[in-house]
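Observations on the three-dimensional arrangement
Letter by letter, the chains look like this.
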Amino acid sequence: MRPLQNSSRLVSGQKPRGVDIIQFVWCRDEPRRELSLMLDRSSNYNVNANTPNPVILSLRALIKSGRSNLCALRLLHRSAPRNDTSFNACVSVSFLKRIELSTTIKKKDIVELEISDLAYGGKSVAKLAGLVVLIKGAVGVEPVTASGLPGDIVKVEITRRKSNFAEGKILEIVKESDLRTKPLCSHFGLCGGCSWQDLKYEEQLKFKTKQVRESLKHIGGFSDLPIQDALGSDEIFYYRNKMEYAFAPGMNRMVHTSDPEQQLILGLHPRERFDKVFDLKECFLQSERANQIVDFVRGFAKEKKLIPYDYKERSGFLRFLAIREGKNTDMTMVNLVTNKGEFPFKDEFSSRVVSNFPYVKSVVRNINSKLANIAVGEYEEFLGGQRTITEKLGKFNFEISANSFFQTNTHQAEKLYQTVLDTADLQGDESVLDLYCGNGTISIFLSQKTRKVTGVESVEESVENAKRNAELNGVTNCEFICGEVKKVLAKLADDKEIPDLVVVDPPRAGLHKHVVKSLLKMRAPEIIYVSCNPSTLARDLKILCEEYYKLERVQPIDMFPHTYHIETVVKLIPKNLECQASA
C-alpha cells in the first residue's frame, strides 16, 4: 500500500455555507479516482474508528469494493473553525492508519493484542483498530489456555478474516492476566470441557452475568435490565451427576502415548474435535469414584479384547460409557453404550462392576446401531442391580433412568428450582402450565404451593418418569401430557384455557416460533422462562416483550462452573393493568 501523505491538507472551495465535503482519494489504477461525500455541518459527526458514521462507512465501502490502497483524505471545504477537533480527527494521518490497519489485516498475519473480553461460546475477544478479533487457544502454548483471558497480552495468528470481524489462535502469551489461576486438571487446554478453569471463579460469575446482560441488550434490545448477579455454585469441582466417556480405536487418539500399539482408548473429546478422543487420566467434574469406574471399564475392555467403535469404518462394538450418580443418595448407574450384536461378557461385566464398586446400584446396556454419535440407544438391556437410581432434590425423590433428562448439577438444581418457586410467588390457588417438563422436576417443586400443575413433554419415556415421580412423592395435583409443546399449547390457547402461570424450560434452541405466538395469544398473567442459552433467550424475550409483557426479574444461575454455560430464570408480567384487563 502506498504510504498516506498530505492527508491533513485543507483545500478551499466555493461551497454553500454550512456544508463540508470530505474527499477520499485512492490510487489503484491510473488515472487516479476520487469520491466525494457531502456532510451537513449541522450534524455532529464524532469521528473515530469505532463509530459507524458516514466517514467510516464510506472508507469501508471503498475498501470493500477492492480499492484498498486509499492514499489521501482531503477536506475540500471547511466552514468550521480550525480548532474543531472532531473534523481534525477525520484528516489525521494516525486516524487513516488505524482504518488502513483494520481493513487490510489478512489470514496468517501475526499481531500482538490485549484480550479485553470473553465471548459467549468459549472464545476471547480483542480489538485491532476497532476490528473485533475472536481468539481461541492452541495446543503447546504456555501457560496452557483454552482461549486467553481478559488482561492477557498475546501474539495471535489470524486464521479467518471476514468483513466485520476476524478470528485467530494464540501463538504466545506475552503477559499474563491478573485474573488467571492455576488449573487443576492435567488435560486442561486439550479437553473440550472446562475451558474457564484457568479463570478465577469469582471472575467467571462476573463474566457470565455480563454475557446475559449483553445478550439481552444487543439481541433483545432491552435497557435498564432488572438483572441480579449470577448465583454461584457451592461446589466448583466434582459437581456433575452425569458424564459420557467415548471409546475410540488407538489410532484416533489425540495425544501421543508411550504404548504405540494401544488399540483402545476411553476418554473425552478434545476441543472442537469430535472425531478424536484422548485417554482420560482423571476428570474433576464428576467424582473420584467415576474416575475409578472409567479405569476399570477401560481395563476390562482391553482384557476381553473388545473392539471400540470406529466412526469412519462404521464398525466395532464399544461406543460410550455413561455414568450417573445420585449426589444425595449415594447411588450410581453404569450404562455401557454399544453397537448391536451379542455381548458375551455381559454377566461378568455386571458382576465385576457391582463387586468392585458397591455403590453401583444399576448396570445397563444401551444398543445404538445408528450412525449418530450419541450415547442413547434404540433399546436398552438390563444387566444387573436396579433398572433406575434415585436422586433427592429438597424434600422430593426422583427416579432416574439411563436416558432420562435430569439437571447435571444436583445441588445447583435445588437452587434453580427454588428460584423458580420463589420467583413465581404462588399463593396456593393458582393453576400452572409447565412446558418442556421433562421428568417433572419443576412441576413437582411447584405443586407444593399451587392448586394444579399440568406438565407437557414430547418424550414418552420422560412423561412416564414424571408420572412415577409424582406418585413416588405422593403428589396428586400434577398431571402430565405427552405431546409436542407447540401443538398442545396452540389448542389450549384456542380453547382459552389460560393458566395463572406458564413455566417454559426449552432446550438450547429456545422456543419454537409457534410456541411464542401461542403464548402471546394466551396472555397468561405471568411467565417464567428458564433458559440455558442467553442468545435464544434474548431472541424470544424480544418478541414476547414487544407489546404485551415486560421483564420483572432476571436471575442468572451458574450450573456449570469452569465453562461458559449459564442458566437464567426470567419473570415476565404484563406491561400494565390495561393489558391484563383486555386479555
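To continue, consider unusual backbone geometry. Phi is positive for Y238, which is not a glycine, with a value near 55°. When you line up the elements, Y238 lands in the loop between α4 (201-218) and β10 (242-249). In the Ramachandran plot, H562 falls in the positive-phi region, its phi being about 75° despite a non-glycine side chain. With respect to the secondary-structure elements, H562 resides in the loop between β24 (549-557) and β25 (567-574).

If you look at the biggest cluster of nonpolar residues, it comprises 74 residues, and the most contacted ones within it are Y245, F247, V297, L321, F349 and L446. For this core, the leading source of residues is helix α5 (residues 288-303), giving seven residues. In this structure, Y245 is in contact with L266, G267, L268, L280, Q286, A290, V294, R319, F320, L321 and I323, ignoring residues within four places of it in sequence. Within the second largest apolar cluster, 39 residues are counted, among which are L433, V504, L519 and L572.

Attention now goes to α4. In an α-helix, one turn spans 3.6 residues, which is why side chains three or four residues apart end up on the same side. With 18 residues, α4 extends 26 Å from end C-alpha to end C-alpha; this agrees with the ideal 26 Å at 1.5 Å per step. Residues of α4 that are buried: Y201, E203, Q204, L205, F207, K208, T209, Q211, V212, S215 and L216. In this structure, the buried side of α4 is in contact with β5 (117-118), α12 (534-544), β24 and β25.

The strand order across the open sheet formed by seven strands is β21-β20-β19-β22-β23-β25-β24, and the pairing between neighbours is mixed. The open sheet has two free edges, formed respectively by β21 (478-482) and β24, since each of these has just one partner strand. This sheet shows a mean twist of 15° between the axes of neighbouring strands, independent of strand direction. The sheet contact formed by strand β19 (residues 431-435) and strand β22 (residues 501-504) spans four bridges and is parallel. By the bridge assignment for β22, D434 is matched with V503. Across the sheet, helix α7 (residues 410-424) touches β22, β23 (527-531), β24 and β25, and the angle it forms with β24 is around 160°.

Within this structure, the stated rule accounts for zero disulfides. Not engaged in a disulfide, the cysteine C283 finds its nearest cysteine sulfur in C194; these two sulfurs lie 6.1 Å apart. Classification of C283 as buried rests on a relative accessible area of 8%. In this structure C437 is not part of a disulfide, and its nearest cysteine sulfur, from C478, lies 9.2 Å away.

Once that is clear, we can look at α7. Taking 1.5 Å as the rise per residue, α7 with 15 residues should run 21 Å; its terminal C-alpha atoms sit 21 Å apart, in good agreement. Three or more residues of α7 are buried, namely T410, Q412, A413, L416, Y417, T419, V420, L421, T423 and A424. Looking at the packing, one finds that the buried side of α7 touches β17 (389-393), α8 (441-447), β22, β23, β24 and β25. Following α7 by one or two positions, D425 has its phi on the positive side, about 50°.

Let's shift gears to the sheet that holds strand β6 (residues 124-128). Taken in spatial order, the six strands line up as β4-β8-β9-β7-β6-β5 in an open sheet, and their pairing is mixed. Either end of the sheet is taken by a strand with one partner, and the two such strands are β4 (110-114) and β5. Bridging between strand β7 (residues 131-136) and strand β9 (residues 165-175) involves five bridges; their strand directions are parallel. Within β9, the residue paired with V132 across the bridge is F165.

Here the focus is the packing of aromatic side chains. The full count for this structure, using the stated rule, is 14 aromatic pairs. Ring geometry for Y309 and Y311: centres 4.7 Å apart, planes at 70°, overall edge-to-face. The class of Y309 is buried, set by a relative accessible area of 3%. On the accessibility criterion, Y311 (27% relative accessible area) is partly exposed. Taking the ring centre of Y359 as reference, the NZ or CZ of R289 above it sits at 3.9 Å. Above the face of the Y309 ring, R319 is positioned so that its terminal group lies 4.1 Å from the ring centre.

This part is about the confidence of the model for the chain. Looking at the chain, the pLDDT average stands at 82 and 78% of residues meet or exceed 70. This stretch, residues 1-53, has a pLDDT under 50; its non-local contacts, to residues over four places away or in other chains, come to 151 contacts. Overall, residues 62-100 carries pLDDT values under 50, and its contacts beyond four positions in sequence, including any with other chains, amount to 116 contacts.

Okay, empty space enclosed by the protein next. In total, this model carries three cavities of 30 Å³ or more according to the counting rule given. In this model, the largest cavity occupies a volume close to 100 Å³. Classifying every residue of the lining of the largest cavity by side-chain character gives ten nonpolar, four polar and one charged.

For the rest of this paragraph, the subject is the packing of helix α11 (residues 513-522) against α12. One way to put it is that α11 packs onto α12 with a least axis distance of 10 Å and a crossing angle of 35°. Where α11 crosses over α12, the handedness of that crossing is right-handed. Counted together, V516, L519 and L520 of α11 and D540, I543 and L544 of α12 form the full contact between these two elements. In terms of residue class, the contact of α11 with α12 is made up of five nonpolar, no polar and one charged.

What follows is about the pattern of salt bridges. The full count for this structure, using the stated rule, is 30 salt bridges. We note a salt bridge from D234 to K415, for which the minimum N-O separation is 3.4 Å. Here the residue D234 occupies a position in the loop between α4 and β10, and K415 occupies one in helix α7, the gap between them amounting to 181 residues. Classification of D234 by relative accessible area gives exposed; the value is 69%. Beyond isolated ion pairs, a larger network of salt bridges with shared partners links E303, K304, E348 and R352.

Conventions and cut-offs
Residues numbered from 1 in each chain as written. Predicted model: local features only at pLDDT ≥ 70, side-chain atom pairs only at ≥ 80, totals over all residues. Heavy atoms only, no water. Helix = DSSP H or I, 4+ residues; strand = E, 2+ residues; numbered from the N terminus. Core = buried A, V, L, I, M, F, W, Y, C linked by side-chain atoms within 4.5 Å. Buried < 20%, exposed > 50% of the residue type's maximum accessible area, 1.4 Å probe, protein only. Contact = heavy atoms within 4.5 Å. Expected span 1.5 Å × (residues − 1). Pairing = 2+ DSSP bridges. Axes fitted to C-alpha atoms, helices over the stretch in contact; angles between N-to-C directions. Disulfide = S-S within 2.5 Å. Phe/Tyr/Trp six-rings, centres within 6.5 Å; stacked < 30°, edge-to-face > 60°. Lys NZ or Arg CZ within 6 Å of the ring centre and 35° of its normal. pLDDT = per-residue confidence, 0-100. 1 Å grid on protein atoms, 1.4 Å probe; cavity = no way out; pocket = protein on both sides within 12 Å on 5 of 7 lines; lining within 4 Å. Points joined across faces, edges and corners; volume = space filled by probe spheres on them. Nonpolar A, V, L, I, M, F, W, Y, C, P; charged D, E, K, R; others polar. Left-handed = near helix turned anticlockwise from the far one by under 90°. Salt bridge = Lys/Arg side-chain N within 4 Å of Asp/Glu carboxyl O.

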